[in-house]
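Here are the chains, one letter per residue:
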Amino acid sequence: MKFNYLKFEKRDKIGILTLDRPNALNALNEDVFKELTGFFNDKETIQTIRALVITGEGKAFIAGADIKAMQEYSTQDGYDFSEIGKGVFDQIANLEIPVIAAINGFALGGGLELALSCDIRVASEKARLGLPEVNLGLIPGFNGTQRLPRLVGAGNAMYLMMLGEGITANEAYQLGIVQKLAKPESVLEETIELAEKIAGKSPNALRLIKKMVHQGVELNFKDAGKMESKEFGRLFKEDQKEREEGINAFLEKRKPNW
Ligand code: CAA
């Protein structure tokens with residue numbers, strides 16, 4: 001698949017997807033979203049990788065939705081753009097492999113919202129993260145008002161959204177938005193290393209962990225627990241291949257071969 005605003009490369013079992021619109025700090029417009037949709041729909045490519053790293057070209061991860069493109073939007077245009085973005089970010093959340101954001105620089109507005117739809121976030125110590133929409137008379141439109149409070153609680157999310165100033169990577173780490181800090185020059189390499197470690201675990205268990213976490217937050221505690229028991233049970237007879245290999249490998253004191 002040929003892209004204008006994305007680059008994709010594979011390092012063994014790890015896919016690296018780079019937003020490549022550096023002149024606009026990788027801002028998200030409809031064309032970028034179209035390409036992202038195409039990429040995430042390409043099941044053949046995705047089947048060849050065990051984890052995906054998403055990063056940005058140049059000094060930004062993504063500086064948000066494209067402000068220039070939104071200037072003349074109608075009500076319907078705004079609604080549609082919000083729905084398109086949400087659809088793409090849901091594709092990330094629903095991928096059956098781990099997705100890790102390598103936040104190399106600014107992750108603002110829609111850029112932070114994209115990172116929030118990933119499973120784990122690694123950030124350069126020099127990155128700046130925030131939801132500055134309030135400065136433009138806007139609100140986050142790609143589920144930021146929903147994903148951020150689920151991750152860090154309503155108070156922290158309100159603080160970020162109402163202040164609109166952005167925070168350092170270290171502050172984002174303290175809040176739990178970012179799970180790992182990296183040196184600016186090695187953020188991508190360190191994220192790939194983390195992706196490789198995770199990709200060495202049971203792919204089936206990784207798929208289920210992701211499903212339990214994403215679907216669980218939509219359910220009440222009891223129903224979410226039932227869903228977990230059901231999947232846990234299935235690992236013993238219906239969905240047992242990797243569980244058998246994992247337990248056998250442990251008992252035989254060898255590395256599992258998934
Ligand atoms: N949309 C479109 N273009 C953008 C952009 C954006 N979100 N962010 C940066 N750019 C463009 C700039 O206009 C500039 O283009 P020109 O060279 O043609 O003038 C180029 O990228 C480089 O940017 P700067 O010169 O501003 O770079 P800087 O280093 O001085 O500042 C920055 C960097 C602080 C990130 C600044 O660019 C900035 O504040 N960007 C906007 C951030 C923002 O408000 N994001 C939220 C967008 S709204 C949103 O995302 C809504 C939603 O949830 C749906």
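Residues numbered from 1 in each chain as written. Predicted model: local features only at pLDDT ≥ 70, side-chain atom pairs only at ≥ 80, totals over all residues. Heavy atoms only, no water.

Quick reminder of the rule: UniProt positions are given in the numbering used here, feature names are shortened, and annotations may be inferred rather than shown by experiment.
In the annotation of an unreviewed UniProt entry, the chain is listed under the name Enoyl-CoA hydratase-related protein and assigned to Paralabilibaculum antarcticum. Recorded in UniProt under Sequence similarities (unreviewed entry), the annotation for the chain is "Belongs to the enoyl-CoA hydratase/isomerase family."

**Some details on the sheet that holds strand β2 (residues 14-19)**
Going by this rule: Strand pairing is defined by DSSP finding a minimum of two bridges between the two strands. Helix and strand assignments follow DSSP, with helices taken as H or I runs no shorter than four residues and strands as E runs no shorter than two, numbered in order from the N terminus. A fitted line through C-alpha atoms represents every axis, and for helices the fit uses only the stretch in contact; the resulting angles, taken between N-to-C directions, go from 0 to 180 degrees. The contact criterion used is simple: two residues touch if any of their non-hydrogen atoms lie within 4.5 Å.
What the six strands build is an open sheet, ordered β1-β2-β3-β5-β7-β10; its pairing is mixed. Whereas interior strands pair on both sides, the edge strands pair on one side only; in this sheet they are β1 (6-11) and β10 (180-182). The sheet shows a mean angle of 20° between the axes of neighbouring strands, taken without regard to direction. Both β1 and β2 contribute to a ladder of six bridges, which runs antiparallel. The residue bridging glutamate 9 from the neighbouring strand is isoleucine 16, located in β2. Relative to strand β5 (residues 99-103), helix α9 (residues 187-199) is tilted by about 165°, and along the sheet it contacts β1, β2, β3 (51-56), β5, β7 (120-124) and β10.

**As for the layout of surface pockets**
Any empty space left between atoms is shown by rolling a water-sized probe over those atoms. Going by this rule: Each cavity reported here is a set of points on a 1 Å grid over the protein atoms alone in which a 1.4 Å probe fits but cannot get out, each pocket an open set with protein on both sides within 12 Å along at least five of seven lines, and each lining residue one with an atom within 4 Å of a point. Grid points are joined across faces, edges and corners, and a volume is the space filled by probe spheres set on the points. Only Asp, Glu, Lys and Arg are considered charged, only Ala, Val, Leu, Ile, Met, Phe, Trp, Tyr, Cys and Pro nonpolar, and every remaining residue, Gly among them, polar. Where each domain starts and ends comes from a domain assignment, either automatic or drawn from a database.
Considered as a void within the structure, the largest pocket measures approximately 740 Å³ in volume. Taken together, 22 residues line the largest pocket, and the ones lying closest to its centre are Leu116, Cys118, Val213, His214 and Val217. Listing elements by their share of the lining of the largest pocket, those giving two or more residues are α4 (75-94), β7, α6 (144-152) and α10 (203-216). A total of five residues in the lining of the largest pocket trace back to one element, the largest contributor, which is α10. When the residues that make up the lining of the largest pocket are grouped by side-chain class, the tally is eleven nonpolar, four polar and seven charged. Mapped onto the domain boundaries, the lining of the largest pocket takes at least three residues apiece from domain 1 (6-199) and domain 2 (203-251).

**With respect to the pattern of salt bridges**
Side chains that differ in charge, positive against negative, can pair when their charged atoms come close. To be explicit about the condition: By convention in these notes, a salt bridge is any Lys or Arg side-chain nitrogen within 4 Å of a carboxyl oxygen on Asp or Glu. Accessible area is worked out with a 1.4 Å probe on protein chains only. A residue is then buried under 20% of its type maximum, exposed over 50%, and partly exposed in between.
Under the criterion given, the structure shown has 15 salt bridges. In this structure, the salt-bridge partner of glutamate 9 is arginine 11, at a minimum N-O distance of 3.8 Å. By relative accessible area, arginine 11 is classed as partly exposed at 30%. The shortest N-O distance in the salt bridge between arginine 21 and aspartate 66 comes to 2.8 Å. Of this pair, arginine 21 sits in the loop between β2 and α1 (30-41) while aspartate 66 sits in the loop between β4 (60-62) and α3 (67-70), and the two are 45 residues apart along the sequence. The residues arginine 21 and aspartate 66 share a single accessibility class, namely buried. When salt bridges with common partners are traced through the structure, they connect Arg207, Lys211, Glu231, Arg234, Glu238 and Asp239 into a single cluster.

**A look at a negative patch on the surface**
As a reminder, the rule being used: Within this analysis, patches are made of residues with over 30% relative accessible area and no salt bridge. Like charges are joined at 9 Å or less; nonpolar side chains (Val, Leu, Ile, Met, Phe, Trp, Tyr) at 5 Å or less. For the accessible areas, the method is Shrake-Rupley and the probe is 1.4 Å, while residue cover comes only from the protein chains on display. His is not counted, nor are the chain ends, whereas Lys and Arg count as positive and Asp and Glu as negative. In plain terms, the charge of a residue is placed at NZ if it is Lys, CZ if Arg, CG if Asp and CD if Glu.
Judged by side-chain charge, Glu30, Asp31, Asp77, Asp80 and Glu83 come together as a negatively charged surface patch. Elements with a minimum of two residues in the negative patch: α1 and α4. A per-element tally of the negative patch places α4 first, with three residues. With respect to the element layout, aspartate 80 can be found in helix α4.

**Side note on the sheet that holds strand β6 (residues 106-108)**
Reading across the sheet, the four strands line up as β4-β6-β8-β9 and stay open at both edges, with mixed pairing between neighbours. Each edge of the open sheet is held by one strand with a lone partner, namely β4 and β9 (167-168). Across two bridges, strand β8 (residues 128-130) lies against β9 in antiparallel orientation. Note that in β9 the partner of arginine 128 across the bridge is threonine 168.

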